[in-house]
Amino acid sequence: MSLKVHHTLLLTGAAGGLGQALRSRLKANCSVLRLSDREALGEAQSGEEVVLADLADAQAVEQAVAGCQAIVHMGGMSVEGPFGPILQANILGVYNLYEAARKQGVKRVVFASSNHVTGYYRQSDTITPAHPPRPDSMYGVSKAFGEDLSRMYFDRYGIETACIRIGSAFAEPKDRRMLASWLSFDDLHRLISACLTTPVLGHTIIFGMSDNAVAWWDNASVRHVGYVPQDSSDVFRDAVYARTPEPDLSSPAVQFQGGGFLLAGPFGL
Ligand code: 15L
């Protein structure tokens, strides 16, 4: 099946870690991949356009969105930190993005939410997308805001969104926690492709995880997205155990799903 259901696809945060991993992969999903970031992206390659935009700048964001049929929104702060930059990039930024989508008639968005929206569930809990948010950080709160905002834009304006609560998207799991939360780059791309191509997306929250044997998240209620992960952290398990210490079970970073984010800050403004 062709993945090219959209002519021009906007990728925000294209200079970031996940943006870079997606830059080549998302070319399979469109005729023109428009890359946006506030950081320099270099020359556009064949099949690419580059539109620089700071997410806090409404006009620039609208220029980036104009003429696109769908958006993969990876931009914004991706870790815990002072509230000021989170406010600008993740709260004002996601508002600017949805306002631009509304004005420019874009009807489908894939939003990089985070597992830190539910980081205060325990590592012994299994949760579904229907469980209430329990953010573990200001960063997690900002992603919960994006999820709620996108729901309002769906209910009011019919803009479909997949909020992917991305686990740990790295080349390999870095520690024992990531044996549960790991999402391979290829599975991230499979998941985004499923969100872009499923006939009816609606407003959907889905956990971004590979097919890991150890898992905290149950995506059974979101079968309509059609995501079938093909990678698993299991192949890294022995190596991760060998190079990492026994977990300190008294630490909140080990008790709760959000891991080290529970220990970060407070950073203030
Ligand atoms: C995230 O949301 C971060 O963007 C990423 O850097 C990882 O730390 C990840 O969560 C995680 O929970 O491992």
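The structure contained in this document is the topic of the report that follows. Bear in mind the structure is a predicted one, so any value in this text is a computation, not a measurement. (Residues numbered from 1 in each chain as written. Predicted model: local features only at pLDDT ≥ 70, side-chain atom pairs only at ≥ 80, totals over all residues. Heavy atoms only, no water.)

**Here's the deal with the site of the ligand**
Around the ligand, a shell composed of Ser78, Ser114, Asn115, His116, Tyr139, Gly167, Ser168, Arg177, Met178 and Phe261 is seen. Here an oxygen atom of the ligand and a side-chain polar atom of Asn115 are 3.0 Å apart. With respect to the ligand, the side chain of Tyr139 contributes an N or O atom lying 2.7 Å from an oxygen atom. Protein chains shield 82% of the accessible area of the ligand, which is 310 Å² for the free molecule. A class-by-class count of the residues in the shell around the ligand yields three nonpolar, six polar and one charged. (Near = heavy atom within 4 Å. Polar contact = N/O pair within 3.5 Å; in protein donor to acceptor, adjacent residues only side chain to side chain. Areas by Shrake-Rupley, 256 points an atom, 1.4 Å probe, with all protein chains shown as cover. Nonpolar A, V, L, I, M, F, W, Y, C, P; charged D, E, K, R; others polar.)

**Focus: the packing of helix H3 (residues 83–104) against helix H4 (residues 138–157)**
With their axes 10 Å apart at the nearest point, H3 and H4 run at an angle of 15° to one another. It follows from the interaxial angle that H3 and H4 lie roughly parallel. The handedness of the crossing between H3 and H4 is right-handed. Contact residues: H3 offers Phe83, Ile86, Asn90, Ile91, Val94, Tyr95, Tyr98, Glu99 and Arg102, while H4 offers Met138, Tyr139, Ser142, Lys143, Phe145, Gly146, Leu149, Ser150, Tyr153 and Tyr157. For the contact of H3 with H4, the class distribution of residues is 12 nonpolar, four polar and three charged. (Axes fitted to C-alpha atoms, helices over the stretch in contact; angles between N-to-C directions. Helix = DSSP H or I, 4+ residues; strand = E, 2+ residues; numbered from the N terminus. Parallel < 35°, antiparallel > 145°, perpendicular 65-115°, else oblique. Left-handed = near helix turned anticlockwise from the far one by under 90°. Contact = heavy atoms within 4.5 Å.)

**Some points on the pattern of salt bridges**
A side chain of one charge can pair with a side chain of the opposite charge if their charged atoms are brought near each other. This structure, assessed with the given rule, holds 12 salt bridges. Here Glu48 ties to Lys27 by a salt bridge, and the two come within 2.9 Å at their closest N and O atoms. One end of the pair, Glu48, is in strand E3 (residues 48–50); the other, Lys27, is in the loop between helix H1 (17–25) and strand E2 (30–36), with 21 residues separating them in the sequence. Residue Glu48 is classed as buried on the basis of its relative accessible area of 9%. The partly exposed category is assigned to Lys27, whose relative accessible area is 27%. (Salt bridge = Lys/Arg side-chain N within 4 Å of Asp/Glu carboxyl O. Buried < 20%, exposed > 50% of the residue type's maximum accessible area, 1.4 Å probe, protein only.)

**Some details on the sheet that holds E3**
Ordered in space as E3-E2-E1-E4-E5-E6-E9, the seven strands form an open sheet in which the pairing is parallel. Unpaired on one side and paired on the other, E3 and strand E9 (203–208) mark the two borders of the sheet. Within the sheet, the average angular offset between the axes of one strand and its neighbour, ignoring direction, is 20°. Across three bridges, the pairing between E2 and E3 is parallel. (Pairing = 2+ DSSP bridges.)

**Overview of helix H6 (residues 185–197)**
The end-to-end C-alpha distance of H6, which contains 13 residues, comes to 18 Å, matching closely the 18 Å that a straight helix rising 1.5 Å per residue would cover. With respect to burial, H6 is a largely interior element, 10 of its 13 residues being buried. Inspection of H6 places Asp187, Leu188, His189, Leu191, Ile192, Ser193, Ala194, Cys195, Leu196 and Thr197 among the buried residues, and these make up the whole buried set. (Expected span 1.5 Å × (residues − 1).)

**A word on the environment of Val117**
Along the chain, the position of Val117 falls in the loop between strand E5 (108–114) and H4. Distance in space between the C-alpha atoms of Val117 and Lys143 is 6.3 Å, their sequence separation being 26 residues. Excluding residues that lie within four positions of it along the chain, Val117 makes contacts with Pro133, Arg134, Pro135, Gly140, Lys143, Ala144, Glu147 and Arg165.

**Overview of unusual backbone geometry**
Residues Gly265 and Pro266 are joined by a peptide bond in cis, for which omega reads 5°. Take Pro266: it is sitting in the segment after helix H8 (252–255).

**Concerning the nonpolar core**
One finds Leu11, Val72 and Ile192 to be the most contacted residues of the largest nonpolar core, which totals 30 residues. When residues of this core are traced back to their parent elements, those giving at least two are strand E1 (6–12), E2, strand E4 (70–73), E5, strand E6 (160–166) and H6. Element by element, the count of residues in this core is highest for H6, at six residues. Non-local contacts of Val72, meaning those with residues more than four positions away in its chain, are made with Leu9, Leu10, Leu11, Thr12, Leu26, Val110, Ile192 and Leu196. Among the nonpolar cores identified, the runner-up in size contains 23 residues, and Val61, Val106, Tyr153 and Cys163 belong to it. (Core = buried A, V, L, I, M, F, W, Y, C linked by side-chain atoms within 4.5 Å.)

**A look at the packing of helix H2 (residues 58–65) against H3**
Across the interface, H2 lies against H3 with an axial gap of 9 Å and an inter-helix angle of 50°. Taken as axis vectors, H2 and H3 run oblique relative to one another. Relative to H3, H2 is oriented so that their crossing is right-handed. Touching Ala58, Val61, Glu62 and Val65 of H2 are Asn96, Leu97, Ala100, Ala101, Lys103 and Gln104, all from H3. Residue classes in the contact of H2 with H3 are distributed as six nonpolar, two polar and two charged.

**Structural notes on the side chain of Thr197**
With respect to the element layout, Thr197 can be found in helix H6. One polar contact links the side chain of Thr197 to the main-chain carbonyl oxygen of Ser193, over a distance of 2.7 Å. Sequence-distant contacts of Thr197, that is, excluding residues within four places in its chain, are made with Met1, Leu3, Val5 and Arg108.

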